[in-house]
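Residues per chain are reported as follows:
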Amino acid sequence: MTVTYTARVANARFCGFSKLLLAWRGSIYKVLYKEFLAFFALYTAISVTYRFFLQEEQKRSFEKLSIYCNHYASLIPMSFVLGFYVTLIVNRWWSQYRSIPLPDRLMCALSGGLAGGDERGRLLRRTLMRYTSLSGLLILRSVSTAVFKRFPTIDHVVEAGFMTREERKRFEKLQSPYNKYWVPCVWFANLVAVARCEGRIRDDCTLKLILEELNDFRGQCSMLFHYDMVSVPLVYTQVVTLAVYSFFFVCLIGRQFLDPAQGYQGHDLDLYVPIFTLLQFFFYAGWLKVAEELINPFGEDDDDFETNWLIDRNFQVSMLAVDEMCGEVPVLERDRYWNDSNPRPPYTAATLFVLRKPSFQGSTFDMTIPKEEMHFQPLEEIAESRAEEHRGGRNPNLPLINRLLSAGPSPSGLMGGALRRTSAQLQRLTRPASPDPAYSDDDDEDEEGGGIGERLGGSLGSGLGRDTLSTLCSCGGVASSSPSITVATREGLEGGEEEDGEEGQKGAGTREVGMETRASVPLLPPPGGQATLRCLSRRGNVPSALFKTRLSSANANRSTPDFLSFQPIGTRAKVATPVAKPISCNKATGMSLLTVPSLDPVPTVSLDDVTMETRSWATGAGEEPRSRSVSVGSSHVGASPSKTIG
């Protein structure tokens, strides 16, 4: 019978399991004591032989063998192999218990579905349940040694009342080499069909319910039979058994206490009883014994299933349910809480503390939400916001992320504007010159979203405006991003100096009020073998605004080869040599620019309202030097900046 100790461990207490250590029936001591005594006897025999019967030379050889065995015994994966094996066995053990056929659901369906208080109806119900019990008995007799010992032959089954002699003849008449535990289930189905034809089963739905419960019962019988036929793979059991036995066989020699006088490492103490080796044997061998008991729970061990008790219980309960209790209904009476809308059963003094505990309402019952987040939002606004997000390609989770990030100061927020402006400047610098005459730099200004003063501010961290940033090529030339001409204007006000970042009127090329205009247009010759690169820098120590002149797309004299074509240089001495000039610091903004190399300009020709600069460079051999002049802007307010390149 299964050892039950559930009531003894109902409550956790100090050393609660310690009371179970003294139990003998079903204990590890009862299962393992024989193997434990055998191991200890062998260990003692080897120890006595080593100490009293071996000669000195033989002792030295035995000591070397003992050290060798102790060193390599740890290579056997005891915990790994035993852990997986016992886990598999325990899961299989519980699945087998759940596969034991129980007639409870079927007897309830018969008691309520097969009507008839006469002898015929009673006979049908009892016969059907007897067939059910007979099928369960036949399958348990096939898998359980305890049941087989109780019913060794079919005659014992007939004498026990589970089968009649006529049924036995029909059962033995069937020629089949396989187990015939399913035959009573077929008899059951045929008899239910007869009851339906007689009208004792009300409708087809009830018939269907009874047959479904029968199939479930027969399926459990079949599963139990297959568990008995398909065991745990033998190779797995052999590996585990060999691992345990070989480990402790090696321990018989490797765990011996050697002579301390020899000075072996780890053998400073000499004992006669290996306490920890015995404990290790107790745990590992006991673990193997657990798997040995649970691998087949239909035996006669102390913790095996009580199959005979199950047969008796199922037979008695099923007969009682379909016979004496069939159609039996107690007298209907009003309960004691008939007029009470809140019925509360009483508590004893031992359970009164349960009443004082608050009723559990749910995990979120005590959760609090800020008041400003408890207002409902109109669904129309939410739908419009989502539509805008989808059209704009925004992340729908962006508001939530912004809300989380706004909880505390973020370093990225401090430099966010400067980084965005720097990114826009770098994109402008890396944009190649477009030969398309329809291209207009006004689009870039629209992308920037600001005027001259905003472009002038640029990135404060870098100290370079967008139009003044330049790079030095590997060939020694100056690289600029676009073929634009920068005009620096210096404003002298009577009352002082205006701030550097102040914006002028949109579309105005210059300003009034004491304006002095100076156009610095370094026109570099297109060097051979490299792209044309230009760099213009802001000059002067006073605040200034930078204006980018535009190349008019309507100028018929402008052609793409003038800017991008390569020109051969015949005389190397005629090539203008770039001279590095320092750029002064802007006192108003505190920004200093890098030193930008530029070409020495030839004498500047100043007109009334326009400052002209002319540069010459060498051409091919035998050709006259070529020159280029640029006319920039106008001194009249409101005039659009224009450019003429000759």
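Higher on the page you've got the structure.
Throughout what follows, the structure given in this document is the object of discussion. (Residues numbered from 1 in each chain as written. Predicted model: local features only at pLDDT ≥ 70, side-chain atom pairs only at ≥ 80, totals over all residues. Heavy atoms only, no water.)

### Observations regarding the overall build of the chain
Within the chain, the regular secondary structure consists of 21 helices and 11 strands. The buried share of the chain, reckoned over its 646 residues, is 33%. In the chain, of all internal contacts separated by at least 6 residues, the share reaching a separation of at least 24 is 70%. When the accessible surface of the chain is summed, it comes to about 41100 Å², and 58% of that surface belongs to carbon and sulfur atoms. (Helix = DSSP H or I, 4+ residues; strand = E, 2+ residues; numbered from the N terminus. Buried < 20%, exposed > 50% of the residue type's maximum accessible area, 1.4 Å probe, protein only. Contact = heavy atoms within 4.5 Å. Areas by Shrake-Rupley, 256 points an atom, 1.4 Å probe, with all protein chains shown as cover.)

### As for unusual backbone geometry
Notably, C15 is not glycine yet its phi reads approximately 55 degrees, a positive angle. Among the structural elements, C15 can be located in the segment before α1 (28–52).

### Concerning the packing of helix α4 (residues 104–113) against helix α5 (residues 119–143)
Where α4 meets α5, the closest approach of the two axes is 11 Å, and the angle between their N-to-C directions is 165 degrees. Overall, the two elements α4 and α5 adopt an arrangement that is roughly antiparallel. In terms of crossing hand, the pair formed by α4 and α5 is right-handed. Contacts between α4 and α5 involve L106, M107 and L110 on the former and, on the latter, R125, L128, M129 and T132. (Axes fitted to C-alpha atoms, helices over the stretch in contact; angles between N-to-C directions. Parallel < 35°, antiparallel > 145°, perpendicular 65-115°, else oblique. Left-handed = near helix turned anticlockwise from the far one by under 90°.)

### What about the packing of aromatic side chains?
Under the counting rule described, the total for this entry stands at 24 aromatic pairs. For the ring pair Y85 and Y236, a centre distance of 5.1 Å and an interplane angle of 75 degrees mean the geometry is edge-to-face. Taken as a pair, Y85 in helix α3 (residues 78–98) and Y236 in helix α11 (residues 234–254) lie far apart in primary sequence, 151 residues in all. With relative accessibility at 3%, the residue Y85 sits in the buried group. (Phe/Tyr/Trp six-rings, centres within 6.5 Å; stacked < 30°, edge-to-face > 60°.)

### Section: helix α2 (residues 56–72)
With 17 residues, α2 extends 25 Å from end C-alpha to end C-alpha; this agrees with the ideal 24 Å at 1.5 Å per step. Taken together, the buried positions of α2 are occupied by K59, F62, E63, S66 and C69. Viewed along the axis of α2, the buried residues span an arc of 130 degrees, placing them on a single side of the element. Residues of α2 that are exposed and angled more than 90 degrees away from the buried face: E57, K64, Y68 and H71. Those residues of α2 that are buried lie in contact with α1 and α11. (Expected span 1.5 Å × (residues − 1). Arc of directions from axis to C-beta.)

### Re a nonpolar patch on the surface
A cluster of nonpolar side chains, namely F40, Y272, V273, I275, F276, L279 and F283, defines an oily patch on the protein surface of about 760 Å² accessible area. Within the secondary structure layout, F276 lies in helix α12 (residues 275–294). In this structure F276 comes out as exposed when scored by relative accessible area, which is 70%. (Patch = residues over 30% accessible without salt bridge, like charges linked within 9 Å, V, L, I, M, F, W, Y side chains within 5 Å. Salt bridge = Lys/Arg side-chain N within 4 Å of Asp/Glu carboxyl O.)

### Quick look at the nonpolar core
Judged by nonpolar contacts, the single largest core of 45 residues is most densely connected at L110, L140, F188 and I210. Elements with a minimum of two residues in this core: α4, α5, α7 (154–159), α9 (183–197), α10 (204–229) and α13 (307–322). Ranked by the residues each element gives to this core, the list is headed by α5, at 10 residues. Of all hydrophobic cores here, the second largest spans 25 residues; its members include L32, Y43, M78 and C251. (Core = buried A, V, L, I, M, F, W, Y, C linked by side-chain atoms within 4.5 Å.)

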